[in-house]
Amino acid sequence: MPSPEKTSLAVIVAAGRELLESEGPEGLTMQKVATRVGVRAPSLYKHVANRAALLDAVAEATVEDLADRIARTDGTVPAIARCYRAFSTAHPEAFRLVMHSTHAPRPALARAAQPLIDATRALVGEDESLDAARFVTAWLTGFIGMELSGSFRLGGDVDRAFTYGLDTLHRGLER
């Protein structure tokens, strides 16, 4: 009779997400995940093929988590943007992994993006909804990336700047 599983993919991914945030992508290793979940590293290979597959699983779980949070907003562009920013500032390494790599799978990204596409459709119509959603995402990603890297060094209130940018962007999309 085979021995019982001592871990699961869900536990491995959760440990991977924790390590990613605490140690950055360099710290997300098979050995560190194995230690965190209480197994030997070779045991992980029953669940993930290699480190790249682990990164893919962590990215997918991150995007699914973000999609779940976005789904709980009121579905407007400002609410989605604030949710995205809050999630990204709470999980900066996961944000970087998802936004600056190819690890997040397309179906998960599509699920996370759909509420924003729907929200922009309400503002600009069907024909321009994807373009508008990409515009909003680009502004958000740029703002958040600068915020996380400490690039806003001229003083002032960064929260106020975010609100100003979001309000201006939203007014520009309204017809």
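Just so it is clear, the structure is predicted and the values come from calculations on it, not from any experiment.

A.B. asks: Teacher, can you tell me more about the overall build of the protein here?
C.D. replies: A count of helices and strands for the protein gives 9 helices and 0 strands. Counting helices and strands in the order they occur from the N terminus, the protein gives α-α-α-α-α-α-α-α-α. In terms of overall dimensions, the protein has a C-alpha envelope of 65 × 40 × 25 Å along the principal axes. By the burial criterion, 39% of the 175 residues in the protein qualify as buried. Within the protein, counting contacts between residues at least 6 apart in sequence, those at least 24 apart form 64% of the total. Total accessible area on the protein stands at roughly 9,800 Å², and carbon and sulfur atoms take up 56% of it.

A.B. asks: Even after reading the chapter, I still don't get the layout of surface pockets, so can you show me in this structure?
C.D. replies: To find leftover empty space, a probe the size of one water molecule is rolled over the atoms. Here the largest pocket defines a volume of roughly 740 Å³. In terms of lining, the largest pocket is formed by 27 residues, of which the most central are Met99, Leu109, Ala112, Ala113 and Thr137. Elements supplying a minimum of two residues to the lining of the largest pocket: helix 4 (51-71), helix 5 (77-90), helix 6 (92-99), helix 7 (106-124) and helix 8 (129-149). Counting residues per element, the lining of the largest pocket draws most heavily on helix 7, at 7 residues.

A.B. asks: Could you clarify how one ought to interpret the pattern of salt bridges in this entry?
C.D. replies: When charged atoms on two side chains of opposite charge get close, those side chains can pair. Throughout the structure, instances matching the rule amount to 11 salt bridges. Of the charged contacts in the structure, one is a salt bridge between Arg111 and Asp68, with a shortest N-O distance of 2.4 Å. Within this pair, whereas Arg111 is found in helix 7, its partner Asp68 is found in helix 4, the two being separated by 43 residues in sequence. A relative accessible area of 37% means that Arg111 is categorised as partly exposed. It is possible to trace a salt-bridge network through shared partners that takes in Arg17, Asp65 and Arg69.

A.B. asks: Looking at this model, I keep getting lost on the nonpolar core. Mind explaining?
C.D. replies: The nonpolar side chains of a soluble globular protein tend to be buried, and buried together. Core analysis: the biggest nonpolar cluster contains 25 residues, and Leu28, Val33, Leu44 and Leu54 have the highest contact counts within it. For this core, the secondary-structure elements that each account for two or more residues are helix 1 (9-27), helix 2 (30-37), helix 3 (41-44), helix 4, helix 6 and helix 7. In terms of residues, this core owes the most to one element, helix 4, which gives 6 residues. With sequence-adjacent residues up to four places away left out, Val33 is seen in contact with Ile12, Ala15, Gly16, Leu19, Leu28, Leu44 and Leu54. Among the nonpolar cores identified, the runner-up in size contains 24 residues, and Ile70, Leu116, Ala133 and Phe162 belong to it.

Criteria and cut-off values
- Residues numbered from 1 in each chain as written.
- Predicted model: local features only at pLDDT ≥ 70, side-chain atom pairs only at ≥ 80, totals over all residues.
- Heavy atoms only, no water.
- Helix = DSSP H or I, 4+ residues; strand = E, 2+ residues; numbered from the N terminus.
- Buried < 20%, exposed > 50% of the residue type's maximum accessible area, 1.4 Å probe, protein only.
- Contact = heavy atoms within 4.5 Å.
- Areas by Shrake-Rupley, 256 points an atom, 1.4 Å probe, with all protein chains shown as cover.
- 1 Å grid on protein atoms, 1.4 Å probe; cavity = no way out; pocket = protein on both sides within 12 Å on 5 of 7 lines; lining within 4 Å.
- Points joined across faces, edges and corners; volume = space filled by probe spheres on them.
- Salt bridge = Lys/Arg side-chain N within 4 Å of Asp/Glu carboxyl O.
- Core = buried A, V, L, I, M, F, W, Y, C linked by side-chain atoms within 4.5 Å.

None of this, on its own, says anything about what the molecule does.
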